[in-house]
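Inside the fold
What follows is the residue order along each chain.
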Amino acid sequence: MAIAVRSSRGGGSGGVGAGFRSLFSYRIFISALFSLLFIATVSVLLTSRPPPTHHHSRLPSGANAYMHRTFLALNSDPLKTRLDLIYKQANDHITLVKTYAAYARKLKLENSKQLKMFDDLAKNFSDLTSKPSLFETDGNLDEDVLRQFEKEVKDRVKFARLMVAESKENYDNQLKIQKLKDTIFSVSESLGKAKKNGALASSIAAKSIPKSLHCLAMRLVEERISHPEKYKEELPKAEFEDPSLYHYAVFSDNVIAVSVVVRSVVKNAEEPWKHVFHVVTDRMNVAAMKVWFRMRPVEGGAHLEVKAVEDYSFLNSSYAPVLRQIASAKKQRFNFEKTTENVTKDGSNMKLKNPESMSMLNHLRFYLPEMYPKLHKILLLDDDVVVQKDLTGLWKIDLTGKVNGAVETCFGSFHRFSQYLNFTHPLIKQRFNPKACAWAYGMNIFDLDAWRREKCTETYEEWQNLNEDRTLWKLDALSPGLITFYSLTKSLDKSWHVLGLGYNPSISMDEINNAAVIHYNGNMKPWLDIAMNQYKNLWTKYVDNDMEFVQMCNFGV
């Protein structure tokens, strides 16, 4: 039994070994067979030389052409292989140029110079590759001729690549999009810088005193000093307190601007002798202002008085909180040291940074009942307005118990209370509607009796004290005006008062011609060199050019 088992194991081992040996022999046989077939094929290909042909005829294409050229190159003239590669390069660029030309036609660029260049280049390539002079009479290549041919092909290939590189972005949408994005970013960045620089330059120009205006003030003061006997103080006229007349308040330190306001009112008034002007200026300019209106009396029998802020003794820092705030050293640093920085950051809000807002002249409007205790109504005019129609109709408007008659300036989300007041402060947030419509200073009819009844001056001073730290609004006059006359303002028809001639070049002339008052609010005042020319003549026609000092000071108007 044991012998039988060993015999079986031995037989199994011998069978496996025989199987491996037979498999190995079979593989050797197959490898040898394929090797013989490969050698035979190569021998046939090498021994069978194709008849000589001209290379300008078309070669086989695709994989067969590649195999044909490969085996042919092994047993042919190296110059012919080189020529074949030149032909291939030329044909590839012919295809590329024709593709760009076809795309140019698709983009309807048939008349473009670029399309003509692509077509001409494709034709030049085709003419070049069909040259018969490359071959000698025996069918062999001349190396000098081939070298010249190669140079011509390379020159055309180089030119084709340059054309494609220049034209690529015209056909590559991704390149177009990226280039457009880069251009938009660059223009946007340049525009931002230009706006900041323009805002700063405009602010500097607006705050500067023009040489001609300074000259005029100096000439008037010189006249006052030279002839004191001609400019003695006059006694107040009864008309200055007559409530039956039409009274105007003009607060300014600009002599020529006040003159234009007064002249434009009088020239368009039906009964000028019924109009009374109350001009208030600062101590520095009061002499010049008085000399001007003594030398050039108001026409038509209208009445005018000139006073300085200091003539109103009740206006002191203990009575008027804004005077205390203006005088504070902290306020001075805030408004002057930070002006340049703030202007470059926010050119659209420069009105709040203008030193004019720190002048008491800009805040006198809140003390009109105290300044003119015997009057019932008064019309406030800014010094940068021009009157084009008779304004007596304003005194006849029923204000329905309201204090202030003004033209509203809001449209859409613009010029709402939220743009002027700090609605993150709880006092503002609780008392006012951020969507309430703002109105304009510049031409305001005030019912002084209603003012006294509503105690508006006390309201103004209360809020000014609350704003000691400037957390409610900046130091300007419109914001406290919006607060003081909140729910006490009657909206007037917009034709009474058209604004924007100092910053908006798009106001229609029809709108301007129909307006009773036009307002040059903004930095481009009509007496400055930066004024907009299309509106300037509406102001200059009221300048008193016959006044000798205006001519001497070269106003250029």
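First, a word on scope: everything that follows refers to the structure included in this document. (Residues numbered from 1 in each chain as written. Predicted model: local features only at pLDDT ≥ 70, side-chain atom pairs only at ≥ 80, totals over all residues. Heavy atoms only, no water.)

A tally of helices and strands in the chain yields 20 helices and ten strands. With 557 residues in all, the chain has 41% of them scored as buried. Of the contacts formed within the chain by residues at least 6 apart in sequence, a portion of 76% connects residues at least 24 apart. Accessible surface for the chain amounts to roughly 31,300 Å². Of this, 56% is attributable to carbon and sulfur atoms. (Helix = DSSP H or I, 4+ residues; strand = E, 2+ residues; numbered from the N terminus. Buried < 20%, exposed > 50% of the residue type's maximum accessible area, 1.4 Å probe, protein only. Contact = heavy atoms within 4.5 Å. Areas by Shrake-Rupley, 256 points an atom, 1.4 Å probe, with all protein chains shown as cover.)

The next subject is the pattern of salt bridges. Within this structure, the stated rule accounts for twelve salt bridges. The residue Arg 263 makes a salt bridge to Glu 299 at a minimum N-O spacing of 3.3 Å. One end of the pair, Arg 263, is in helix α8 (residues 255-267); the other, Glu 299, is in the loop between α9 (286-295) and β3 (303-308), and 36 residues separate them in sequence. With a relative accessible area of 17%, Arg 263 lands in the buried category. In this structure, Lys 267 and Glu 299 form a salt bridge, with 3.4 Å as the shortest nitrogen-oxygen distance. Taken together, the positions of Lys 267 in helix α8 and Glu 299 in the loop between α9 and β3 put the pair 32 residues apart, joining distant regions of the chain. Its relative accessible area of 44% is what places Lys 267 among the partly exposed residues. In this structure Glu 299 comes out as partly exposed when scored by relative accessible area, which is 38%. (Salt bridge = Lys/Arg side-chain N within 4 Å of Asp/Glu carboxyl O.)

Turning next to a nonpolar patch on the surface. A cluster of nonpolar residues, Phe 29, Leu 33, Phe 34 and Leu 37, forms a patch on the protein surface that exposes about 440 Å² of accessible area. Along the chain, Leu 37 falls in helix α1 (residues 2-47). Take Leu 37: its relative accessible area is 49%, and that puts it in the partly exposed class. (Patch = residues over 30% accessible without salt bridge, like charges linked within 9 Å, V, L, I, M, F, W, Y side chains within 5 Å.)

On to the pairing of strand β2 (residues 275-281). Taken across its seven residues, β2 has seven buried, putting it largely inside the fold. Residues His 275, Phe 277, Val 279 and Thr 281 point to one face of β2 and Val 276, His 278 and Val 280 to the other, with burial holding for every one of them. Pairing of β2 with β3, which is carried by six bridges, proceeds in the parallel orientation. When the sheet's bridge partners are listed, Phe 277 is paired in β3 with Leu 304. (Pairing = 2+ DSSP bridges.)

The three strands lie next to each other as β5-β10-β9, forming an open sheet whose pairing is mixed. Since the sheet does not close on itself, it has two edges, and those belong to β5 (385-387) and β9 (497-498), each with one partner. Inspection of the sheet shows β9 paired to strand β10 (residues 517-519) by two bridges, in the parallel sense. When the sheet's bridge partners are listed, His 497 is paired in β10 with Val 517.

This next bit is on the state of the cysteines. Tallied over the full model, the rule gives two disulfides. Through a disulfide, Cys 215 is tied to Cys 553; the S-S separation comes to 2.1 Å. With the S-S dihedral at roughly -75 degrees, the linkage between Cys 215 and Cys 553 falls on the left-handed side. Linking Cys 215 in helix α7 (residues 211-226) with Cys 553 in the segment after α20 (548-552), this pair joins segments that are 338 residues apart in sequence. The disulfide that involves Cys 410 links it to Cys 437, with 1.7 Å between the sulfurs. (Disulfide = S-S within 2.5 Å.)

Restricting attention to buried positions, one finds in helix α19 (residues 533-540) the residues Tyr 535, Lys 536, Leu 538, Trp 539 and Thr 540. Tucked into the core, α19 has its buried residues touching α8, β5, α18 (509-513) and β10.

Attention now moves to the environment of Gly 502. Position of Gly 502 among the secondary structure elements: in the loop between β9 and α18. Gly 502 sits in the buried class, given a relative accessible area of 1%. The spatial distance from the C-alpha of Gly 502 to the C-alpha of Pro 526 is 7.5 Å, given a sequence separation of 24 residues. Look past the residues within four positions of Gly 502 in its chain and what remains in contact with it is His 519, Tyr 520, Asn 521, Gly 522, Asn 523, Met 524 and Met 532.

Close contact between α8 and α9 brings their axes to 10 Å; oriented N to C, the two are set at 40 degrees. In terms of orientation, α8 lies oblique with respect to α9. The handedness of the crossing between α8 and α9 comes out as right-handed. Counted together, Val 255, Ile 256, Val 258, Ser 259 and Val 262 of α8 and Ala 288, Met 289, Trp 292 and Phe 293 of α9 form the full contact between these two elements. (Axes fitted to C-alpha atoms, helices over the stretch in contact; angles between N-to-C directions. Parallel < 35°, antiparallel > 145°, perpendicular 65-115°, else oblique. Left-handed = near helix turned anticlockwise from the far one by under 90°.)

Bringing the environment of Thr 540 into the picture now. Along the chain, Thr 540 falls in helix α19. The spacing of Thr 540 and Trp 527 is 13 residues in sequence and 8.3 Å in space, taken between C-alpha atoms. A polar side-chain atom of Thr 540 sits 3.4 Å from the main-chain carbonyl oxygen of Asn 537. (Polar contact = N/O pair within 3.5 Å; in protein donor to acceptor, adjacent residues only side chain to side chain.)

Of all residues except glycine, most have a negative phi; of all peptide bonds, most are trans. With a phi close to 55 degrees, His 415 is a non-glycine residue in the positive phi region. Examined against the element boundaries, His 415 turns out to sit in the loop between β6 (404-406) and α14 (426-431). According to the relative accessible area criterion, His 415 is partly exposed, its value standing at 24%. In this structure, Arg 470 is a non-glycine residue whose phi angle is positive, near 60 degrees. When you line up the elements, Arg 470 lands in the loop between α16 (456-466) and α17 (478-484). Taking the relative accessible area as the measure of exposure, Arg 470 reaches 18% and is therefore buried.

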